[in-house]
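The residues making up each chain are set out below.
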Amino acid sequence: MKNPIITLAAVLLATQTAFSSDELSLRIYSGKRDTVTVEKQTIVGVTDPGASATINGTNVKVYKTGSFGGEVSLQPGENDITVTVKKGNATATESFNIFRKEKNDVAVRPNSLDNEKTMNYDSPIYVKTTQGAYLQFGNGDDRLGGSKMGFLVPDINLKIDGEKGELYRVRLSQNRFAYIPKEYTEPSTSWTPVVNTGSWNITNQGTFDRVSVSLPTKLAYQYRTDIDPSMITIDIFGATDNSNWITQRTLNLGIIDYVTYEQTEGDVYRVIIKLKEKYQWGFSIGYNGSALTIDVRHRPSSQGLKGLKIGLDAGHGGEYPGAISPSGLKEKDLNLDIVLKLRDMLEKAGATVVLTRDSDTGPSMTERKRILKEANVDLSLSIHNNSGGGALTSPGTAALYKHTFDRPLAVAIASRILEMDVPFYGLVGNFNFSLNGPTDYPNMLVEGLFMSSLQEEELLADPDFRTKMARQIFLGLEDYMKEVKNSLKK
């Protein structure tokens, strides 16, 4: 048996932190684990800027933020790790132990969510939508929720034939179903079987064109956009064609070229709206009584940034800091700094800027969307910075969007940011973030860089770099409006 006093002394030695009288700081940010199953472990620490650092005697780079990191190889069993930092005559050391366990010793836990199946009802029930309701394609989930098909207005009756957890399964048509969160429904005693469509009207309402399709009751619908050719399509579930009158009330529509329909299934009626221009400026769907209305916004009168109304959202804020870098940078602060710099550039160019926050506040997603919609912005951007992956990697920037018609805006912004010679994480479509959900105006989200990357953290900590990023986003917006203008000449 081991001497318990010697064993205790060894444990204390393994976890000690020694500082010189000059109190050079040293903090292990990540990688200090009791037990792991990996062959290599990344150790990340933070010290005073300008110090040097070693991990098990190997020199590692200390960034201007004071963050540093390195990878150590682990043998099966006990592994002693020593981290030392020096600056002038000051030294700080921290030692700890990591036990590497064989992978086959670790029990694999089943994913209960994946194993859970949808429960089928013996007989259907009926609900109606409430404010904020949306349909999603499947019963999957992640931190942003399930993949959304689109939002629905309140008071649409739905037929429910099953459930999974907090989701109802909606029978949209004979061959199609979707899911809806239970929280956005309330009980209903009625459901409408397949109905006939009535007459259509297409009018110019000054700043938007309106398509109105007569129905005897409100029905569920799904929408999508295309950019080549530029189209909006809406599937109405539970409807068959009886529209003998599709009347365009004026020859001077603002953005719609023509409308038509398809009966894609016996109980699915498709509205097709072909646009005159390549670039779309948003649309909204609702009901006027029981008539389905699609309002398609005209192109802004401005063909450049001057006179354009742009919404800017600085991600997170208040009690929601977002990502926090190893050295302690808060994403909410960096996001706001970039947004305020971008605002100044846009206003100098003659644009009107609407902010969802201009200080360290944390409005809800609902409030942010309300601000942008009520301001009737022409387009919007949400500015964030990312986190995840390895500290020693440099994943780079990303441009994210939900709807296809938002893609050109995301491409324009990403193209300019990449001129800063940063890596490209990706152009991400069908992004399920709340602020990318609205179709009322073109929008996209910028993920500047990864705060969890030591290299990218150093860049983001530099105010001049953040100014350059704001400038590149500005140039991307300028490019987008030039593309719009040039497309009108073709």
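What counts and what doesn't
Residues numbered from 1 in each chain as written. Predicted model: local features only at pLDDT ≥ 70, side-chain atom pairs only at ≥ 80, totals over all residues. Heavy atoms only, no water. Axes fitted to C-alpha atoms, helices over the stretch in contact; angles between N-to-C directions. Helix = DSSP H or I, 4+ residues; strand = E, 2+ residues; numbered from the N terminus. Parallel < 35°, antiparallel > 145°, perpendicular 65-115°, else oblique. Left-handed = near helix turned anticlockwise from the far one by under 90°. Contact = heavy atoms within 4.5 Å. Nonpolar A, V, L, I, M, F, W, Y, C, P; charged D, E, K, R; others polar. 1 Å grid on protein atoms, 1.4 Å probe; cavity = no way out; pocket = protein on both sides within 12 Å on 5 of 7 lines; lining within 4 Å. Points joined across faces, edges and corners; volume = space filled by probe spheres on them. Salt bridge = Lys/Arg side-chain N within 4 Å of Asp/Glu carboxyl O. Buried < 20%, exposed > 50% of the residue type's maximum accessible area, 1.4 Å probe, protein only. Phe/Tyr/Trp six-rings, centres within 6.5 Å; stacked < 30°, edge-to-face > 60°.

## Remarks on the packing of helix α3 (residues 331-348) against helix α7 (residues 463-487)
Phase 1 of the analysis: In the contact formed by α3 and α7, the axes pass within 9 Å of each other and the chain directions differ by 50 degrees. The angle between the axes of α3 and α7 places the two elements in the oblique class. Judged by the sense of rotation from one axis to the other, the crossing of α3 with α7 is right-handed. The residues of α7 that touch α3, namely those facing L334, D337, I338, K341, L342, M345 and L346, are P463, R466, T467, M469, A470, R471, I473, F474 and L477.
Phase 2 of the analysis: Looking at the contact of α3 with α7 residue by residue, the class counts come to 11 nonpolar, 1 polar and 4 charged.

## Considerations on the layout of surface pockets
Phase 1 of the analysis: In this structure, the largest pocket spans a volume of roughly 1,000 Å³.
Phase 2 of the analysis: Looking at the largest pocket, it is lined by 33 residues, and the ones nearest its centre are Q131, G132, F151, K369 and K373.
Phase 3 of the analysis: Within the residue set of the lining of the largest pocket, elements represented by two or more residues are β12 (148-151), β20 (221-227), β26 (283-288), β27 (291-297) and α4 (365-374).
Phase 4 of the analysis: For the lining of the largest pocket, the leading source of residues is α4, giving 6 residues.
Phase 5 of the analysis: A per-class count over the lining of the largest pocket returns 16 nonpolar, 10 polar and 7 charged.
Phase 6 of the analysis: Roughly 490 Å³ of internal volume is contained in the second largest pocket.
Phase 7 of the analysis: Around the second largest pocket, the lining comprises 24 residues; the ones closest to its centre are R143, H316, H384, F433 and E447.
Phase 8 of the analysis: Class assignment for the residues of the lining of the second largest pocket results in 12 nonpolar, 8 polar and 4 charged.

## Some points on the pattern of salt bridges
Phase 1 of the analysis: Overall, the coordinates contain 23 salt bridges when judged by the stated rule.
Phase 2 of the analysis: Note that R370 and E367 form a salt bridge whose closest N and O atoms lie 2.6 Å from each other. Here R370 pairs with E367, and both are found in helix α4, just 3 residues apart, close to one helical turn.
Phase 3 of the analysis: For R370, a relative accessible area of 34% puts it in the partly exposed group.
Phase 4 of the analysis: Salt bridges here are not isolated pairs; linked through shared partners, they connect R176, D235, E262 and R270.

## Topic: the packing of aromatic side chains
Phase 1 of the analysis: Throughout the structure, instances matching the rule amount to 12 aromatic pairs.
Phase 2 of the analysis: Plain terms: the ring middles of Y221 and Y287 are 6.3 Å apart, the flat faces sit at 50 degrees to each other, and that makes the pair tilted. Taken together, the residues Y221 in strand β20 and Y287 in strand β26 connect sequence positions 66 residues apart.
Phase 3 of the analysis: Of the residues examined, Y221 reaches a relative accessible area of 4% and is grouped as buried.
Phase 4 of the analysis: On the accessibility criterion, Y287 (16% relative accessible area) is buried.
Phase 5 of the analysis: Each ring, one from Y223 and one from F283, has its centre 5.8 Å from the other, and the planes form 85 degrees; the classification is edge-to-face. Taken as a pair, Y223 in strand β20 and F283 in strand β26 lie far apart in primary sequence, 60 residues in all.
Phase 6 of the analysis: You can call Y223 buried: its relative accessible area is 10%.

## Focus: unusual backbone geometry
Phase 1 of the analysis: Going from D228 to P229, the amide bond is cis rather than trans, its omega being 0 degrees.
Phase 2 of the analysis: Secondary-structure assignment places P229 in the loop between β20 and β21 (230-237).
Phase 3 of the analysis: Its identity as a non-glycine residue notwithstanding, D155 has a phi of 70 degrees, on the positive side.
Phase 4 of the analysis: Relative to the helices and strands, D155 is located in the loop between β12 and β13 (157-164).
Phase 5 of the analysis: Judged by its relative accessible area of 41%, D155 falls in the partly exposed class.
Phase 6 of the analysis: Phi at N430 takes a positive value of approximately 55 degrees, unusual for a residue other than glycine.

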